[in-house]
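Structural description and commentary
The primary structure of each chain is shown beneath.
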Amino acid sequence: MATENYDPCYPDQPAVHRYLPLWARMPAFAAKPAFVWADDDDAPTGAMSYTAITYSELNAAVERMASGLLGTLRRGDTVLVLASPGLRLVKLLFACQRAGLTAVPVIPPDPSRPGPAHAHLLRAVSQTRPSAAVADARYVTAVASSRLAAALSGLRWLSVDALDEGEAGLPGAMAGHAGCGAGDAYLVQYTSGATGVPKPVVVTAGSAAHNVRAARRAYDLGPGSTIVSWLPQYHDCGLMFLLLTVVSGATCVLASPDAFLRRPRLWLELISEFNATCTPVPSFTLPLVLRRGGGRSASRPVQLGSLRNLILINEPIYKACVDEFVAEFGRHGLRSESVSPSYGLAENCTFVSTAWRSTSGRVDRLPSYKKLLPSARLPSSSSRAHEAPEIEIVVVDEKTGEPVRDGTEGEVWVSSPSNASGYLGHPSASHEAFCGRMPGRAGSRFVRTGDRGVVTGPERYLYVVGRSVDVVGTAFNSRVHAHYIETAALGSAPERLRGGCIAAFTVPAAASKEQMCIVAELQKGSGGDHTSLCDGMRRSVWEAERVRVGRVMLVQSGAVPKTTSGKVRRGAAREKLVARRYPVVFEALYDNGDGGGSTRAVRDEDGEMEERCAASWMAGEGGVPAMATALGGASRRVRVQSFL
């Protein structure tokens with residue numbers, strides 16, 4: 001039987017929940033904290049309080065809650081998980097697995113505020129057909145008196161409070177019950193929706209266990225590791241790190257995304273307080289912390305020397321952004337070799353690869369390609385002949401499925417036991433995404449990621465350069481990824497524009513041509529000459545990427561659609577522009593394509609601005625009411641048109 005490499009007497013388990021009783025029986029682990037919840041009680045002073053749960057307590061709570069669930073439900077039922085972030089949600093997710101249920105985690109929308117979040121909840125109910133929903137007692141009460149009540153009337157509602165306190169369940173409900181087996185569906189997790197409507201991905205317990213074991217080995221995690229995470233526990237990566245903690249026998253310190261967004265420095269303080277060795281964050285975290293949580297003028301000093309893995313989970317990952325962060329926090333102990341740019345997707349459970357290495361020969365500075373850091377280091381031809389990789393990554397020609405030569409861009413394909421089972425209720429889409437075939441590889445199936453990548457250099461580093469659907473043409477008939485256009489636009493005025501909140505895309509124009517549009521969020525309180533700002537963005541994009549921009553729209557903070565992991569939803573941004581649903585502050589229309597021409601301002605006296613949408617990056621258009629800010633108000637729309 002295979003064993004974890006930190007303990008030859010400790011066997012692998014077919015499902016993650018089965019690790020808990022093993023840890024709970026070991027004297028060295030029974031009283032060890034498995035998870036710690038950090039409450040940022042006093043944001044101005046940075047005072048925090050902590051609640052911990054040991055492995056023994058977690059195992060007992062999971063058993064109790066699983067028994068409570070089986071008092072109402074049957075093994076194999078689907079459960080909508082709507083509990084608030086915190087230790088109760090952690091216990092509930094493991095309890096669902098131990099009870100043999102299929103969990104569908106969904107961010108609970110505010111019942112009193114209809115919107116896109118409601119639509120996603122109803123979509124999940126329609127697609128997964130859950131037998132019950134588990135939520136906080138107060139949320140159950142709020143739903144009963146809201147507009148959602150009629151649409152959700154067919155659900156049985158269970159209180160996570162009652163389950164946790166042992167008020168539900170039948171004696172002996174767990175007798176002889178083994179919970180989810182390796183082949184059982186334990187989770188339906190939704191894709192981010194960056195390029196379309198979020199799709200429900202079916203994950204088996206065995207695939208998830210394999211995935212987190214692969215991640216554990218890649219990041220060299222073990223019982224001595226301490227993880228800090230503020231990622232949403234409903235999101236695939238945030239959920240994976242809960243499983244990864246248990247498989248590693250580590251300790252994980254959790255905080256809410258809302259707390260991080262209010263005070264980004266909280267993240268650094270938790271790393272310092274607990275001497276964390278590992279922390280996963282979206283790549284946009286780095287510039288956000290530099291701008292709002294820097295290390296020089298804060299009351300509580302930070303020390304980051306304990307970090308071995310600063311895991312960056314959003315691609316593409318710009319080298320300049322990472323270098324700036326390391327330069328700033330190097331004086332606080334952060335080492336450049338701890339940076340772990342990584343790649344993952346829901347269709348492979350979550351984790352696919354990382355460019356970080358714990359073995360000898362690790363380099364202090366990772367190489368770069370077209371401004372980006374790598375997300376994997378692929379095996380050489382000779383090593384592949386001796387040992388098959390646990391998670392195989394290949395860059396192929398999308399049309400033929402043939403692997404491309406190193407240095408040639410193609411689509412990234414992934415094959416491993418971590419591959420999910422498919423999209424629930426979408427057989428054709430499942431076949432398209434999960435059944436990639438390479439000529440000469442009978443029996444091997446690959447997930448077609450839709451991501452573009454290239455492998456370069458003698459060490460065969462993989463760079464994920466963007467999504468296939470976001471590639472646009474330049475003035476010289478070459479192709480460029482939209483994020484490069486967005487980066488060039490931001491670089492023209494970073495002090496006035498919000499990083500990570502710019503969308504570049506094309507829309508149909510006259511004479512069957514496409515017009516390049518840029519929608520950019522303004523920093524709060526940003527004033528100045530909007531005409532010059534738009535002209536500067538347009539000029540910067542032309543100089544950097546040779547792309548002609550025909551339309552620049554400046555919008556209020558929170559207007560650009562984003563996924564729950566902070567990625568710009570360019571397709572949704574395009575639809576929003578076509579539907580004229582942006583809270584426009586200023587708009588520039590350009591007739592010529594060479595960057596020249598004069599401008600004139602035209603006031604649209606009838607153009608009252610639509611109601612301003614506002615939600616955090618975490619909510620995207622799904623909306624998390626606790627983090628939303630109502631802005632309201634109206635403004636005049638100003639158009640600037642360029643003439644030859």
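This text goes with the structure placed above it.
The numbering scheme is per chain: residues are counted from 1 as the chain's sequence reads. This being a predicted model, a pLDDT of at least 70 is required before a residue's local features are given, and a value of 80 or more before pairs of side-chain atoms are given or counted; all residues contribute to the totals for chains, interfaces and linings. Side-chain calculation: all heavy atoms of the structure are included, whereas hydrogens and water are not.

Structural notes on the overall build of the chain
Keep this limit in mind: In this description a helix means any DSSP run of H or I spanning at least four residues, a strand means any run of E spanning at least two, and both kinds are numbered starting from the N terminus. Accessible area is worked out with a 1.4 Å probe on protein chains only. A residue is then buried under 20% of its type maximum, exposed over 50%, and partly exposed in between. By definition in these notes, contact holds between two residues if any of their heavy atoms fall within 4.5 Å. Surface exposure here means Shrake-Rupley accessible area, sampled with a 1.4 Å probe, where a residue is shielded only by the protein chains that are shown.
Of the regular secondary structure elements, the chain holds 19 helices and 28 strands. Put simply, the chain has 644 residues, and 57% of those count as buried. In the chain, the proportion of contacts linking residues at least 24 apart, taken out of those at least 6 apart, comes to 74%. For the chain, the accessible area works out to roughly 25800 Å², and carbon and sulfur atoms hold 50% of it.

Here's the deal with helix α16 (residues 427-434)
So the rule is basically this: Read the arc as the range of directions from the helix axis to the C-beta atoms.
If you check which residues of α16 are buried, you get S430, A433 and F434. Viewed along the axis of α16, the buried residues span an arc of 80°, placing them on a single side of the element. Structural note: α16 exposes S428 and H431 on the side pointing more than 90 degrees away from its buried face. Contacts from the buried residues of α16 go to β18 (422-423) and β19 (447-456).

Comments concerning the nonpolar core
We apply this condition: Here, the term nonpolar core denotes a set of buried Ala, Val, Leu, Ile, Met, Phe, Trp, Tyr and Cys residues that are joined through side-chain atoms within 4.5 Å.
Of all hydrophobic cores here, the largest spans 159 residues; its most connected members are F35, L69, L92, W267 and L554. Among the elements that make up this core, the one with the highest residue count is helix α10 (residues 236-248) (nine residues). Those residues within four positions of F35 in sequence are excluded, and the remaining contacts are T51, A52, I53, L58, L87, V90, F94, L242, T245, V246, C252 and L254. The next biggest cluster of nonpolar side chains, apart from the first, holds 16 residues, and it includes V104, A133, A135 and L155.

Concerning the pattern of salt bridges
Filter applied, for reference: Think of a salt bridge as a Lys or Arg side-chain nitrogen and an Asp or Glu carboxyl oxygen that are within 4 Å of each other.
All told, the structure shown has 30 salt bridges when counted by the stated rule. Residues R331 and E328 are paired through a salt bridge, measuring 3.2 Å at the closest nitrogen-oxygen approach. Three or more residues joined by partner-sharing salt bridges are found here, namely R64, R88, K91, D161, D164 and E165.

Quick look at the environment of I391
Residue placement: I391 occurs in the loop between α15 (381-386) and β16 (392-396). Taking relative accessible area as the criterion, I391 reaches 12% and is therefore assigned buried. Between the C-alpha atoms of I391 and F351, which are 40 residues apart in sequence, the distance is 9.5 Å. If we skip the residues at most four places from it in the chain, I391 touches H210, N211, A214, N348, F351, V352, V414, S415, S416 and S418.

Focus: the side chain of H17
Our working definition: N or O atoms within 3.5 Å of each other form a polar contact, as long as, within protein, one can give a hydrogen and the other can take it, and as long as residues adjacent in sequence are counted only when both atoms are side-chain atoms.
On the secondary structure map, H17 appears in the segment before α1 (19-25). Looking at H17, its side chain comes within polar contact range of the main-chain oxygen of C180, at 3.4 Å. Those residues in contact with H17 that lie beyond four places of it in its chain are F94, Q97, R98, A178, G179 and C180.

Some details on helix α12 (residues 265-274)
With respect to burial, α12 is a largely interior element, eight of its ten residues being buried. Burial in α12 covers these residues: R265, L266, W267, L268, E269, L270, I271 and S272. Looking one or two residues beyond α12, the residue adopting positive phi is N275, at roughly 50°.

Some details on the packing of helix α9 (residues 205-219) against α10
Filter applied, for reference: Only the stretch in contact is used when fitting a helix axis, every axis being a line fitted to C-alpha atoms; angles between N-to-C directions are given from 0 to 180 degrees. The scheme is simple: roughly parallel for angles under 35 degrees, roughly antiparallel for over 145, roughly perpendicular for 65 to 115, oblique for anything else. Under the scheme applied, nonpolar residues are Ala, Val, Leu, Ile, Met, Phe, Trp, Tyr, Cys and Pro; charged residues are Asp, Glu, Lys and Arg; polar residues are all the others, including Gly.
For the pair α9 and α10, interaxial distance at closest approach is 9 Å and the crossing angle is 70°. Relative to α10, the element α9 is oriented roughly perpendicular. On the side of α9, the interface is formed by A208, N211, V212, R213, A215 and R216, while α10 contributes M240, L243, L244, V247 and S248. In the contact of α9 with α10, the residues fall into seven nonpolar, two polar and two charged.

Concerning the sheet that holds strand β17 (residues 410-415)
To keep things clear, this is the line we draw: When DSSP locates at least two bridges between a pair of strands, those strands are taken to pair.
In spatial order, the strands read β15-β20-β19-β17-β16; together these five strands make up an open sheet with antiparallel pairing. The sheet is open, and its two borders are formed by β15 (376-377) and β16, each paired with just one other strand.

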